[in-house]
Amino acid sequence: MSMDLDELTSQNVTVTTAAKKEQPLNDVPAAIYVITNEQIRHSGVRSIAEALALAPGVQVTKLSEYSPPKESVKKKKK
């Protein structure tokens, strides 16, 4: 599915934010990137950290080899 910017901005999209609050996409004060079920299946990722690394500009760093595993997620520097 491919849309130009005008088509995309005219869509009525609702997003559930990290605060578990549903808001219209245009009212969300953050950049949003959606990782689809299809992307996850095709990539073969096996953890949430690996799935998050699929998002552009996201860096996932393993902090611990011990149980439970700990990762740090942050925006990549340009």
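Caption draft 1: Main features of the overall build of the protein. Of regular secondary structure, the protein possesses three helices and four strands. Traced from its N-terminal end to its C-terminal end, the protein shows the element sequence α-β-β-α-α-β-β. In the protein, which comprises 78 residues, the share counted as buried stands at 10%. Across the protein, every contact between residues at least 6 apart in sequence was considered, and the portion connecting residues at least 24 apart equals 0%.

Caption draft 2: Quick peek at the environment of Pro24. Tracing the backbone through its elements, the reader meets Pro24 in strand β2 (residues 22-24). Sequence spacing of Pro24 and Asn12 is twelve residues, and the spatial spacing of their C-alpha atoms is 7.3 Å. In this structure, Pro24 is in contact with Val13 and Thr14, ignoring residues within four places of it in sequence.

Caption draft 3: Structural detail: the environment of Ala55. Along the chain, the position of Ala55 falls in the loop between α3 (48-52) and β3 (58-64). Assessed through its relative accessible area of 11%, Ala55 is described here as buried. As a C-alpha pair, Ala55 and Tyr33 span 22 residues in sequence and 6.6 Å in three-dimensional space. Setting aside residues up to four positions removed in sequence, Ala55 forms contacts with Tyr33 and Ile35.

Definitions and limits used
- Residues numbered from 1 in each chain as written.
- Predicted model: local features only at pLDDT ≥ 70, side-chain atom pairs only at ≥ 80, totals over all residues.
- Heavy atoms only, no water.
- Helix = DSSP H or I, 4+ residues; strand = E, 2+ residues; numbered from the N terminus.
- Buried < 20%, exposed > 50% of the residue type's maximum accessible area, 1.4 Å probe, protein only.
- Contact = heavy atoms within 4.5 Å.

Coordinates in, geometry out; function isn't part of it.
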